[in-house]
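Coordinates in review
Below are the chains, spelled out letter by letter.
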Amino acid sequence: MKSLKATGNQLADPAFQLTVLRSEQAEGAHLPSFHEKMRAAGLFPLRPTEATVLQINVGKMCNQVCRHCHVDAGPDRKEIMTRETMQLCLDALAQTTIPTVDLTGGAPEMNPDFRWFVEQLHALGRHIIVRCNLTIIVANKKYHDLPEFFRAHGVEVVSSLPFYNAKTTDRQRGDGVFDDSIKALKMLNAVGYGIEGSGLRLNLVYNPNGAFLPGSQKGLQDQFKRALSKDFGIVFNELYAITNIPVSRYLDFLLESGNYAGYMDKLVTAFNPAAAAGVMCRSTISVSWDGYLYDCDFNQMLDLKVASAVQHIRDFSASTLAERAVVVNQHCYGCTAGSGSSCGGATA
């Protein structure tokens, strides 16, 4: 399987994705604009709160090509953050009290300067989250010591695991992914991750395998904990249930399977003002591999830059960015449906 970009798919173009998302007609069904929903909830324009997370996408290169990837990541993607841009991120952080840095990709560990960057962030005293796909740990000998590296730098590991069995996981992420993920989880447990009292946090991420919304986050967490402990002796801290956002390869899946209209209708019907008030874009600043600034990782993939005079990390100004309005569009229904969805799971 190749990325949308490698196959020349129209959906590799963010502008084309926005055309699809903005269309008033989806197989004959009118979809109200997200702006209208937010205005009715008294939340438009959406304003940021205090920035507590700087989320940095260090590149789109990945060892996997997952069916639902909103980044369209894969081995054929060559976009990668340079050390110079990483230094600009460090310079920007030094001006602020933003406590958490969330490193994502692709597989962030494949960036050749990944370890240097983590070391520098650790020296700044920031809490570091790495969004690890697990299989990277066992993909190559040079990555086998990642659990020890993470432990040495107090990294919080957040890892995607679509389900607690091979059939469902491999259908979404590729053959053999579940077995490799279990091996990696055992390696993380072996150095203390997920173990009560260790202080080393290991959180898992669940996202549905089809065109439906996730169930109760607490209920899913209990199921995952029971199954992984019973079948594999694996422990972890929390499970985050994340709604699939209709962007990139998941949007392609919805269109190809004829589920786009029905899925969007589910999201609109499940719109929750309480979840909308707690969306992650209000407290997050997202940095792309080339240094441009966005309100969230999903806006980044649609090339919807921040509505601010400051649009690149080299010009970073926390006070200027605090005055912006958050850029929203139809895909934002995904973060505001039901219990809400963020990089940290449910929001309401």
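Our structure is the block above this text.
A quick note: this is a predicted structure, and the numbers were derived from the prediction, not measured.

1. Points about the overall build of the protein chain
- Summing up its helical and strand segments, the protein chain has 16 helices and 10 strands in all.
- Seen through its principal axes, the protein chain has C-alpha atoms that stretch 50 × 45 × 40 Å.
- A total of 348 residues make up the protein chain; the buried ones form 56% of that total.
- Considering only contacts within the protein chain whose residues lie at least 6 apart along the sequence, 74% involve residues at least 24 apart.
- Carbon and sulfur atoms form 51% of the exposed surface of the protein chain, whose accessible area is close to 13,900 Å².
- Positive and negative charge centroids in the protein chain, built from 33 and 34 side chains respectively, lie 3 Å apart.

2. Considering the side chain of Glu109
- When you line up the elements, Glu109 lands in the loop between β4 (100–104) and α5 (114–123).
- One buried charge, Glu109, has no salt-bridge partner; the nearest side chain with opposite charge is Arg115, at 8.9 Å.
- Look past the residues within four positions of Glu109 in its chain and what remains in contact with it is Phe114, Val130, Cys132, Ile136, Tyr143, Leu146 and Phe150.

3. So, helix α12 (residues 260–269)
- Tyr260, Ala261, Tyr263, Met264, Leu267 and Val268 are the residues of α12 that are buried. Looking straight down α12, one finds that the buried residues subtend no more than 165 degrees of arc, so they occupy a single side.

4. A word on the nonpolar core
- Ranked by internal contacts, the top residues of the largest apolar core, which has 59 residues, are Ile56, Leu103, Phe117, Phe150 and Phe224.
- Of all hydrophobic cores here, the second largest spans 46 residues; its members include Leu251, Leu254, Cys281 and Cys332.

5. A short note on the state of the cysteines
- Across all of its chains, the model carries zero disulfides by this definition.
- Among the cysteines around Cys66, which has no disulfide bond, Cys62 carries the closest sulfur, lying 6.3 Å off.
- Relative accessible area serves as the criterion here: at 11%, Cys66 is assigned to the buried category.
- Not engaged in a disulfide, the cysteine Cys89 finds its nearest cysteine sulfur in Cys343; these two sulfurs lie 16 Å apart.

6. Quick word on the packing of aromatic side chains
- All told, the structure shown has 13 aromatic pairs when counted by the stated rule.
- Ring centres of Tyr164 and Phe224 lie 5.1 Å apart, and the angle between their planes is 85 degrees; on these two criteria the pair is classed as edge-to-face. Note that Tyr164 is positioned in the loop between β6 (156–160) and α8 (166–173) and Phe224 in helix α10 (residues 217–232), a separation of 60 residues in sequence.
- With a centroid separation of 6.1 Å and 70 degrees between ring planes, the pair formed by Tyr206 and Phe224 is classed as edge-to-face. One end of the pair, Tyr206, is in strand β7 (residues 202–206); the other, Phe224, is in helix α10, and 18 residues separate them in sequence. A single burial state applies to Tyr206 and to Phe224, both of which are buried.
- Among the aromatic residues, those joined into a ring-pair cluster are Phe163, Tyr164, Tyr206 and Phe224.
- For the cation-ring pair, Arg115 lies above Phe149, with the distance from its terminal atom to the ring centre recorded as 5.1 Å.
- Note that Lys225 overlies the ring of Phe236, its terminal NZ or CZ placed 5.4 Å from the centroid.

The rules behind the values
- Residues numbered from 1 in each chain as written.
- Predicted model: local features only at pLDDT ≥ 70, side-chain atom pairs only at ≥ 80, totals over all residues.
- Heavy atoms only, no water.
- Helix = DSSP H or I, 4+ residues; strand = E, 2+ residues; numbered from the N terminus.
- Buried < 20%, exposed > 50% of the residue type's maximum accessible area, 1.4 Å probe, protein only.
- Contact = heavy atoms within 4.5 Å.
- Areas by Shrake-Rupley, 256 points an atom, 1.4 Å probe, with all protein chains shown as cover.
- Lys, Arg positive; Asp, Glu negative; His and termini not counted.
- Charge placed at Lys NZ, Arg CZ, Asp CG, Glu CD.
- Salt bridge = Lys/Arg side-chain N within 4 Å of Asp/Glu carboxyl O.
- Arc of directions from axis to C-beta.
- Core = buried A, V, L, I, M, F, W, Y, C linked by side-chain atoms within 4.5 Å.
- Disulfide = S-S within 2.5 Å.
- Phe/Tyr/Trp six-rings, centres within 6.5 Å; stacked < 30°, edge-to-face > 60°.
- Lys NZ or Arg CZ within 6 Å of the ring centre and 35° of its normal.

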